[in-house]
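# Tertiary structure, described
Listed here are the chains, written in short residue letters.
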Amino acid sequence: MGFLDKLLSGGTRKIISNVVDRVADAAKDAVSDLNGGTASLKSASADGEGDCHGSAAVVENRIFSIFTEHFSDCELRQNVSASGIGSSVPWQYTYGVYRGGQAIAMINILENPNDYRQKIVLQSKQACADCGIGYVHFLLRLPNRSSYILQQLQNIIPM
């Protein structure tokens, strides 16, 4: 420590301390500004629609609205068993999308942040792929704006 003590004399220590304090204050201000900016971004998007973190009811309402407006030729069924698409996976999809009585896509609304990594969820996704059926899940920890939901559904539902 003798070498460092000599290298970092009282004046040098004071300068380093001031620099560290300024950096810490700047970081605190940046985080504060970021939190304020995030709060305003969360309250409304460009289309005036707010986020729906943690609200399954809001996501479901948005899905229903999107189906009414954009996929009127499809039927949306709730709580569809994986056995309904010929899979042996013991899973129940939140929604099934049907056209002409045929399943064309499955939708899961996942409540817990890590649900998408669970083996059973991955198997349910693979079951859809094996049957040539589209699959998407929506995580409640994410904003799930209507524009995002529409985009994801357009990606999996054949026109």
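Here the structure is shown first, and the text comes after it.
Residues numbered from 1 in each chain as written. Predicted model: local features only at pLDDT ≥ 70, side-chain atom pairs only at ≥ 80, totals over all residues. Heavy atoms only, no water.

### Comments concerning the overall build of the chain
Counting secondary structure elements, the chain contains 5 helices and 4 strands. Residues classed as buried in the chain amount to 32% of the 159 residues present. Within the chain, counting contacts between residues at least 6 apart in sequence, those at least 24 apart form 55% of the total. Roughly 9800 Å² of accessible area belongs to the chain as shown, and the carbon and sulfur atoms make up 54% of that amount. (Helix = DSSP H or I, 4+ residues; strand = E, 2+ residues; numbered from the N terminus. Buried < 20%, exposed > 50% of the residue type's maximum accessible area, 1.4 Å probe, protein only. Contact = heavy atoms within 4.5 Å. Areas by Shrake-Rupley, 256 points an atom, 1.4 Å probe, with all protein chains shown as cover.)

### Section: the pattern of salt bridges
Following the criterion strictly, the structure yields 2 salt bridges and no others. A salt bridge links arginine 99 to aspartate 73; the nearest nitrogen and oxygen atoms lie 2.8 Å apart. Residue arginine 99 is found in strand β2 (residues 92–99), and its partner aspartate 73 is found in the loop between α3 (56–70) and β1 (75–81); the two are separated by 26 residues along the sequence. Residue classification places arginine 99 among the partly exposed positions, given a relative accessible area of 23%. What makes aspartate 73 partly exposed here is its relative accessible area of 48%. (Salt bridge = Lys/Arg side-chain N within 4 Å of Asp/Glu carboxyl O.)

### Things to note about helix α5 (residues 146–156)
Looking at α5, one finds that the buried residues are Ile149, Leu150, Gln152, Leu153 and Ile156. Along α5, the residues classed as buried sweep out an arc of 165 degrees about the axis, all on the same side. Where α5 is buried, its residues meet α3, β3 (102–110) and β4 (134–139). (Arc of directions from axis to C-beta.)

### Some thoughts on the pairing of β2
A large share of β2 lies buried, amounting to 6 of its 8 residues. Across 6 bridges, β1 lies against β2 in antiparallel orientation. Looking at the pairing, glutamine 78 lines up with tyrosine 95 of β2. Bridge count between β2 and β3: 5 bridges; the pairing is antiparallel. Residue pairing across strands places tyrosine 95 opposite isoleucine 107, the latter belonging to β3. (Pairing = 2+ DSSP bridges.)

### With respect to the sheet that holds β3
Taken together, the 4 strands give an open sheet; going across it, the order is β1-β2-β3-β4, and neighbouring strands pair in mixed fashion. Either end of the sheet is taken by a strand with one partner, and the two such strands are β1 and β4. Strand-to-strand twist of the sheet, defined as the mean angle between neighbouring strand axes without regard to direction, takes the value 30 degrees. With respect to the sheet, helix α4 (residues 119–131) is in contact with β2, β3 and β4, its orientation differing from that of β4 by roughly 150 degrees. Strands in contact with α5 are β3 and β4; relative to β4, the strand with the most contacts, it is inclined by about 160 degrees. (Axes fitted to C-alpha atoms, helices over the stretch in contact; angles between N-to-C directions.)

### Remarks on the packing of aromatic side chains
Here the structure, examined in full by the defined rule, presents 4 aromatic pairs. Centroid distance phenylalanine 64 to tyrosine 95: 5.6 Å. Interplanar angle 80 degrees. Geometry classified as edge-to-face. Placement of the pair is phenylalanine 64 in helix α3 and tyrosine 95 in strand β2, with a sequence separation of 31 residues. Ring geometry for phenylalanine 67 versus phenylalanine 71: centroids 5.2 Å apart, planes at 45 degrees, classification tilted. Across the pair, exposure class does not vary: phenylalanine 67 and phenylalanine 71 are buried alike. One residue, arginine 77, lies across the ring of tyrosine 98, its end atom 3.7 Å from the ring centre. (Phe/Tyr/Trp six-rings, centres within 6.5 Å; stacked < 30°, edge-to-face > 60°. Lys NZ or Arg CZ within 6 Å of the ring centre and 35° of its normal.)

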